[in-house]
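# Coordinate inspection notes
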Amino acid sequence: MKHIITISIIILTSCVGLKNVSNELVGKWECYHKELEDGTTKSTDFDGNEFEYSCSGLIIELKSDFTGSESIGGLNFKYKKNDSILNLGNRNYVIEKLTKTELVIRDYDSDGTNLWNYRQKFKKVE
């Protein structure tokens, strides 16, 4: 009986921990910084004009029913988190940091075909 109680407590505390992790994703996330994977924040266009990578105006809203939306383009999608991989519709990202107030994701390119992999930093907005 003692072992059954111990196992039940371990299972319950594990489930509570998982619930808290997934709830950290729920909410509105506003992008405030975009850079290449190596930290580069600027580039030049074909005419030689310098520009800075931007995610201005990008807000991602993730709901508790695992649906989400994106402010740019009005995209709606389903999302899921598997270990450190975040799937937003058909796009995949590596979660580099996730707290109650900050989310940092990097493009996930499993087959190595992307020329540029971006890192985006979000803050939670209420």
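Here is what the cut-offs are and how they apply
Residues numbered from 1 in each chain as written. Predicted model: local features only at pLDDT ≥ 70, side-chain atom pairs only at ≥ 80, totals over all residues. Heavy atoms only, no water. Core = buried A, V, L, I, M, F, W, Y, C linked by side-chain atoms within 4.5 Å. Buried < 20%, exposed > 50% of the residue type's maximum accessible area, 1.4 Å probe, protein only. Contact = heavy atoms within 4.5 Å. Disulfide = S-S within 2.5 Å. Helix = DSSP H or I, 4+ residues; strand = E, 2+ residues; numbered from the N terminus. pLDDT = per-residue confidence, 0-100. Pairing = 2+ DSSP bridges. Axes fitted to C-alpha atoms, helices over the stretch in contact; angles between N-to-C directions.

The next point concerns the nonpolar core. If you look at the biggest cluster of nonpolar residues, it comprises 16 residues, and the most contacted ones within it are Leu-62, Leu-88 and Phe-122. If we ignore the near neighbours within four places in the chain, the residues touching Leu-62 are Leu-25, Val-26, Gly-27, Trp-29, Thr-67, Gly-68, Phe-77, Tyr-79 and Leu-88.

It is worth spelling out the state of the cysteines at this point. Enumeration over the complete set of coordinates arrives at one disulfide. Shown here is the disulfide that connects Cys-31 with Cys-55, its sulfur atoms set 2.1 Å apart. Taking the sign of the S-S torsion, about -90° here, the bridge from Cys-31 to Cys-55 comes out left-handed. Remark: Cys-55 occurs in the loop between β3 (50-52) and β4 (59-62) and Cys-31 occurs in strand β1 (residues 27-36); sequence separation between them is 24 residues. Look at Cys-55 and you get buried, because its relative accessible area is 6%.

With 80% of its residues at a pLDDT of 70 or more, the chain has an overall mean of 84. The least confident element of the chain is helix α1 (residues 2-25), whose mean pLDDT is 50; the most confident is β4, at 97. Across residues 5-21, confidence stays below pLDDT 50; counting only partners more than four residues off in sequence or on other chains, it has two contacts.

To continue, consider the sheet that holds strand β9 (residues 102-107). Ordered in space as β1-β4-β5-β6-β7-β8-β9-β10, the eight strands form a closed barrel in which the pairing is antiparallel. Each strand of the sheet is rotated relative to its neighbour by a mean of 35°, with strand direction disregarded. Sheet analysis places strand β8 (residues 91-98) next to β9, joined by five bridges and oriented antiparallel. From the neighbouring strand, Lys-97 faces β9, where its bridge partner is Val-104.

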